[in-house]
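One letter stands for each residue in the lines below.
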Amino acid sequence: MQRLMFVLVSVLTAATVVAQPAALSGDWQVTQHFFGATRYATLHVDQAGDNIKGTFAGTTFECLPQSGVCEGSLRNGTDPPTGKIRLTVRGNEIQAEGTDEDGPLDFVARRPPALPVEPRTHQFTPTKFYNYFSSRFEPVLHIAPGDSVDTWSVDAGGIDASGTRRSPGGNPLTGPFYVDGAWPGDTLIVTLNRVRLSRESAVSGDQIVPSALAPRYYRDLKFDDQFSSDWTLDRAAGEARLTKPSEHLKNYRVPLKPMLGCIAVAPPQEMSFRSGYLGAWGGNMDYNQLGEGTTLYLPVYHPGALLFLGDGHAAQGDGELTGDALETSMEFSFTVRLVKGTSVPQPRAENEQYRMASGIANSLQEALQQATTNLARWLTDDYKLSANEVAIVLGSAVQYQIAEIVDPLVHVVAKIDKKALAGLQP
């Protein structure tokens, strides 16, 4: 990280050299190559006349242009120089090479792209679906902050609204969508404007997963292999019923509450995960509040964020106890926005009633700890609460949901009713 700080600061200075001075102030997006790995950062340049300064995480770099290049020393605060750098500006791009305490270094810095002034609405028809969360896929569409997208997804088995198989099963994903201007260290905001069923059928699991039951109880259960867990979705009545119900479930009805089980950005670095996985980047969170009217906050790890969505559920209880919800295809629309230079530690969400903070981890205890910490930090940042004050608020008003227990990691949500926050003074 120290090396990256030096590199980034240097970049800013370089810009100063060859371009018009007034054009160099502001933010630059830096891509660094380090022994085959790619790192990203955001740099800020301040320029006053011929005085050029770059700042990144407390590190500064200064130099004077000579013959179209900028050469100088890398320095951290008042420490002795740690290396040398040579920078050249070509249009809106800065190229740099040099050495530091770790050896040779190189990087490129570019201006953020110009964004449309007016928001747009895109109609997107997917033609292929991915079964991984990954940064390796080419974006299916470029969109800008403020833009909305109307699109759809197949069900978890790869079946579309007409009953046609469009992809292998295992939560096929629509996307990835490239959000212009999104850069590692930012927060991507995704608002679900519309989440609607696109057919009248669904299927679910019919056995509670062993991890949710006492071992002896599960051992003694007798399952009927002929039991049908196919569902009929009555959109007019707003409810679901078993298509071929058993004797005791003839009158059983479930209110429809459409949601998306999978919403994610591309995971950090070169990581790729099957679309059944989840983490700080989102993923197969299976939280039954991720429906129409909910806004989700996700950390950005790659340029463009690379947003994936899918895994439509007509309804789902907490935890997705059978390993499946009422799995079906879905039509949905969403709007994206950005918070620049600030990143959330794990997914956050809000709707009209609640603020909701996720904790995703290997155990229920650890997930609860992370969810509580996530919510505590959110309230502390927004309302400037002290440690005692946030304890009073959460101790008297926090609520917990076990969002997901059947996938590789456990997902717990700590939430608080916005009515409890109405009297707080920021």
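To be clear, the structure that these remarks concern was listed above.
Right, let's walk through the structure included here. (Residues numbered from 1 in each chain as written. Predicted model: local features only at pLDDT ≥ 70, side-chain atom pairs only at ≥ 80, totals over all residues. Heavy atoms only, no water.)

Looking only at helices and strands, the protein chain features 4 helices and 29 strands. Across its three principal axes, the protein chain shows a C-alpha extent of roughly 85 × 50 × 40 Å. A buried classification covers 50% of the 426 residues belonging to the protein chain. Restricting the contact set of the protein chain to residue pairs at least 6 apart, pairs at least 24 apart contribute 68%. For the protein chain, the centre of its 36 positive side-chain charges and the centre of its 47 negative side-chain charges are spaced 1 Å apart. (Helix = DSSP H or I, 4+ residues; strand = E, 2+ residues; numbered from the N terminus. Buried < 20%, exposed > 50% of the residue type's maximum accessible area, 1.4 Å probe, protein only. Contact = heavy atoms within 4.5 Å. Lys, Arg positive; Asp, Glu negative; His and termini not counted. Charge placed at Lys NZ, Arg CZ, Asp CG, Glu CD.)

Reading across the sheet, the 6 strands line up as E11-E13-E24-E19-E22-E21 and stay open at both edges, with mixed pairing between neighbours. The two strands at the open ends of the sheet, each matched to only one other strand, are strand E11 (141-143) and strand E21 (278-279). (Pairing = 2+ DSSP bridges.)

Under the criterion given, the structure shown has 14 salt bridges. A salt bridge links Asp 147 to Arg 120, with the shortest nitrogen-to-oxygen separation between them at 2.8 Å. Residue Asp 147 is located in the loop between E11 and strand E12 (148-153), and its partner Arg 120 is located in the loop between strand E8 (103-110) and strand E9 (121-123); the two are separated by 27 residues in the primary sequence. Judged by relative accessible area, Asp 147 falls into the buried class, the value being 1%. Between Arg 355 and Asp 382 there is a salt bridge, with its nearest N and O atoms 2.9 Å apart. (Salt bridge = Lys/Arg side-chain N within 4 Å of Asp/Glu carboxyl O.)

Turning our attention to unusual backbone geometry. Gly 175 connects to Pro 176 through a cis peptide bond whose omega is 5°. Along the chain, Pro 176 turns up in strand E13 (residues 173-179). Even without a glycine there, the phi angle at Glu 320 is positive, about 50°. Taking relative accessible area as the criterion, Glu 320 reaches 3% and is therefore assigned buried.

Of the residues making up helix H4 (residues 387-397), those classed as buried are Val 390, Val 393, Leu 394 and Ala 397. Burial along H4 is one-sided: seen end-on, the buried residues are contained in an arc of 90°. The outward face of H4, more than 90 degrees from its buried face, is lined by the exposed residues Ala 387, Asn 388, Ile 392, Gly 395 and Ser 396. Taken together, the buried residues of H4 touch helix H3 (364-383), strand E28 (399-404) and strand E29 (410-417). (Arc of directions from axis to C-beta.)

Moving on: the pairing of E8. Note that strand E1 (residues 26-34) and E8 share 5 bridges and pair antiparallel. Looking across to E8, one finds that Gln 32 is bridged to Phe 107. When strand E7 (residues 93-100) meets E8, the two strands line up antiparallel, connected through 8 bridges. Bridge pairing in E8 places Glu 93 opposite Arg 110. In this antiparallel pair of consecutive strands, E7 and E8, the connection spans 2 residues.

Across all of its chains, the model carries 1 cavity of 30 Å³ or more by this definition. Elements represented by at least two residues in the lining of the largest cavity include exactly strand E26 (348-350) and strand E27 (354-361). Along the lines of polarity and charge, the residues of the lining of the largest cavity split into 7 nonpolar, 2 polar and 1 charged. (1 Å grid on protein atoms, 1.4 Å probe; cavity = no way out; pocket = protein on both sides within 12 Å on 5 of 7 lines; lining within 4 Å. Points joined across faces, edges and corners; volume = space filled by probe spheres on them. Nonpolar A, V, L, I, M, F, W, Y, C, P; charged D, E, K, R; others polar.)

Here we come to the sheet that holds strand E16 (residues 230-234). Spatial ordering of the open sheet is given by E15-E16-E17-E18, a layout of 4 strands whose pairing is antiparallel. Two strands bound the open sheet, and with one partner strand each, they are strand E15 (201-203) and strand E18 (254-255). The pairing of E15 with E16 spans 3 bridges and is antiparallel. In the sheet register, Ser 201 faces E16, and the bridge partner there is Thr 232.

Here the focus is the side chain of Glu 93. Turning to its location among the elements, Glu 93 is positioned in strand E7. Within the structure, the side chain of Glu 93 is placed 2.8 Å from the side chain of Gln 95, a separation counted as a polar contact. Within the structure, Glu 93 has its side chain in polar contact with the side chain of Arg 110 (distance 2.9 Å). Beyond its immediate chain neighbours, meaning those up to four positions away, Glu 93 contacts Thr 88, Val 108, Ala 109 and Arg 110. (Polar contact = N/O pair within 3.5 Å; in protein donor to acceptor, adjacent residues only side chain to side chain.)

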